[in-house]
Amino acid sequence: MPKLNRDQLNNADAERTARASIDILDRMQLHPQHIQPLALCAAFLSLSEHLRVPAQDLFTVTTNMLTDEENIAEFKALRDYVKYEIARA
């Protein structure tokens, strides 16, 4: 398996990332609410391990992407999706 391209990771398209996030969250709604965050974390950690990229590195890249002012619109849509579409107890 080829190694994950760190340049592509660090320069990932915010709109595609936000859309993919919405796709994942939409699919997770098929499962009980208490399972959803655990499943997301298990998938994240498994993928991180498989790609041999430390989870903390992925958190850092994602945090930077979420807080970059150029990406506000893309991630506002994601936050709105969570706010209005994901049930909360």
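Refer to the structure above for everything that follows.
Structural notes, computed from the coordinates.

Parameters and conventions
- Residues numbered from 1 in each chain as written.
- Predicted model: local features only at pLDDT ≥ 70, side-chain atom pairs only at ≥ 80, totals over all residues.
- Heavy atoms only, no water.
- 1 Å grid on protein atoms, 1.4 Å probe; cavity = no way out; pocket = protein on both sides within 12 Å on 5 of 7 lines; lining within 4 Å.
- Points joined across faces, edges and corners; volume = space filled by probe spheres on them.
- Helix = DSSP H or I, 4+ residues; strand = E, 2+ residues; numbered from the N terminus.
- Nonpolar A, V, L, I, M, F, W, Y, C, P; charged D, E, K, R; others polar.
- Core = buried A, V, L, I, M, F, W, Y, C linked by side-chain atoms within 4.5 Å.
- Buried < 20%, exposed > 50% of the residue type's maximum accessible area, 1.4 Å probe, protein only.
- Salt bridge = Lys/Arg side-chain N within 4 Å of Asp/Glu carboxyl O.

Some remarks on the layout of surface pockets
For step 1, the next point in the chain: Approximately 1400 Å³ is the volume found for the largest pocket.
For step 2, the next point in the chain: Forming the boundary of the largest pocket are 34 residues, of which Thr17, Ser21, Ile24, Phe44 and Thr62 lie nearest the centre.
For step 3, the next point in the chain: Elements supplying a minimum of two residues to the lining of the largest pocket: helix H1 (6–10), helix H2 (14–28), helix H3 (36–51), helix H4 (55–67) and helix H5 (72–85).
For step 4, the next point in the chain: The residue makeup of the lining of the largest pocket, split by class, is 24 nonpolar, eight polar and two charged.

Structural notes on the nonpolar core
For step 1, the next point in the chain: Counting nine residues, the largest nonpolar core is built from Ala14, Ala18, Leu25, Met28, Met65, Phe75, Leu78, Tyr81 and Ile86.
For step 2, the next point in the chain: Mapped by element, the contributors of at least two residues to this core are H2 and H5.
For step 3, the next point in the chain: The greatest single-element share of this core, amounting to four residues, is contributed by H2.

Thoughts on the pattern of salt bridges
For step 1, the next point in the chain: Applying the stated rule across the entire model yields three salt bridges.
For step 2, the next point in the chain: Residues Arg6 and Asp57 are paired through a salt bridge, measuring 3.2 Å at the closest nitrogen-oxygen approach. Of this pair, Arg6 sits in helix H1 while Asp57 sits in helix H4, and the two are 51 residues apart along the sequence.
For step 3, the next point in the chain: Residue Asp57 is classed as partly exposed on the basis of its relative accessible area, which comes to 29%.
For step 4, the next point in the chain: Note that Arg19 and Glu15 form a salt bridge whose closest N and O atoms lie 2.1 Å from each other. With Arg19 and Glu15 both in helix H2, this residue pair falls four residues apart, about one helical turn.

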